[in-house]
Amino acid sequence: MADIQLTDLVKSYGPTEVLHHVEGDIKDGEFIVIVGPSGCGKSTLLRMVAGLESVTSGEISIGGRRVNELEPSARDIAMVFQNYALYPHMSVRQNMAYGLKIRKLPKEEINRRVEEAAEILEIRQYLDRKPRQLSGGQRQRVAMGRAIVRDPQVFLFDEPLSNLDAKLRVQMRLEIRKLQQRLGVTSIYVTHDQVEAMTLGDRLMVLNGGYVEQFGTPIELYDHPASVFVAGFIGSPAMNFFPADLNGGQASLPGGAVLPVASAHSGAATLGLRPEHLAEDPAGPIALEVDLLEQLGANTLIHGRLQGTDHSITASVPGHADDGIGSIRRFSAAPELTHLFDAASGKRLAG
């Protein structure tokens, strides 16, 4: 087990800088999720920690030891990839044991570790099968088992569930979280799926264009997003945004709606409202002209526009909503549940 420090990390390919001064302290035993859109640099950052990419400048330390110049094999990490990377001609047992065999561990120790990992992952009955005889979820368990037997200081996961169907992804991410809590190994997990990030991580590092937008707990990012980017990326369905004019604790929106806000700021701003924080209210200031209803069973998503404008808005209401395309529904929102951001920089405005 080990903590990890990322200090002023920069990664460049020739003159092009793709990671910009990344900072982060990861505690021993913590599960960190690096999340962001495709191309933001999250897999590059993970590969730098693994030693598969060189560091242009800055420092990576694992367990108090600088590892910038160390080969991957010397960093005491284990990595689980998106594509499983199993040897097709080997059995599950042989796949899991191969890395230990290369390290010349005693046969008895190899067998013990493989049996223990197989027991944890509930794949003992598959040990003599070949990968082609397994489902996608079973293959991913084998890939995790191969990492577990290494008994590393750090687990690294590079979008390990992206090849699985939706139902299996939900099941496997819960199993990964339970496994990490049971083993207590410091883990870094990369995904572009914010729901996966919210359910797995002790803390999330949100990357955007190679910059760290925010590093905090899932609830911190949900309740107090540091920027418009984080606010729009974290949460499903996505937050609604409107240009607003702030004045004396009120925000004027397009179309004439005026909302109370918990802010003393004045001037132009961007106002954010989560769909689930819009409450149906016959006298509410927000008038939504309905374009589409998404019936999800437990709740309904109402998509439309602010009345008299082209600004789209989504509201989430509990239960079933009647078909009312073209109708006007009115909503209100508690001041403490509104989010205000600087109109120019997109950064959160302090209360």
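This text follows the structure it describes.
Quick caveat: nothing in here was measured; it's all calculated off a predicted structure.

Strand order in this open sheet of six strands is 6-7-8-3-9-10, and the pairing throughout is mixed. Edge positions in the sheet fall to strand 6 (77-80) and strand 10 (211-216), since each has one partner strand and no second. Strand after strand, the sheet turns through a mean of 15° between neighbouring axes, direction not considered. Summarising the sheet, strand 3 (residues 31-35) and strand 9 (residues 203-208) pair through four bridges and their orientation is parallel. Looking across to strand 9, one finds that Ile34 is bridged to Met205. Its contacts with the sheet place helix 5 (residues 166-183) against strand 3, strand 7 (154-158) and strand 8 (186-191), and it is angled at close to 140° to strand 3.

So, on to the environment of Ser187. Here Ser187 lies in strand 8. Residue class for Ser187 comes out buried when judged on its relative accessible area of 0%. Taking the C-alpha atoms as reference, Ser187 lies 9.7 Å from Asp3; in sequence the two are 184 residues apart. With sequence-adjacent residues up to four places away left out, Ser187 is seen in contact with Glu30, Phe31, Ile32, Phe155, Phe157 and Gln180.

Looking now at helix 3 (residues 107-121). Look at helix 3: 21 Å from first C-alpha to last across 15 residues, which is about the 21 Å you get at 1.5 Å a residue. Within helix 3 the residues assigned to the buried category are Ile110, Arg113, Val114, Ala117, Ala118 and Leu121. One face of helix 3 carries all of its buried residues, which in axial projection span an arc of 130°. The elements touched by buried residues of helix 3 are helix 2 (92-102), helix 4 (136-148) and helix 5.

Rules and cut-offs
- The residue numbering used here restarts from 1 in each chain and proceeds along that chain's sequence as written.
- With the structure being a predicted model, the display of local features is reserved for residues of pLDDT at least 70 and the display and counting of side-chain atom pairs for 80 or more, all residues being used for whole-chain, interface and lining totals.
- Excluded from the side-chain calculation are hydrogens and water; included are all heavy atoms of the structure.
- A pair of strands is treated as paired once DSSP finds two or more bridges between them.
- Here a helix means four or more residues in a row that DSSP labels H or I, a strand means two or more in a row labelled E, and each is numbered from the N terminus.
- Between the N-to-C directions of two axes lies an angle of 0 to 180 degrees, each axis being a line fitted to C-alpha atoms and, for a helix, fitted only over the stretch in contact.
- Whether two residues touch is decided by their heavy atoms; if any such pair falls within 4.5 Å, the residues are in contact.
- The buried label goes to any residue with under 20% of its type's maximum accessible area, the exposed label to any with over 50%, and the partly exposed label to all in between, with areas taken from a 1.4 Å probe on protein chains only.
- To estimate the expected span of a helix, count its residues, drop one, and scale the result by 1.5 Å.
- Picture the helix axis, draw a direction to every C-beta atom, and the arc is the one those directions span.

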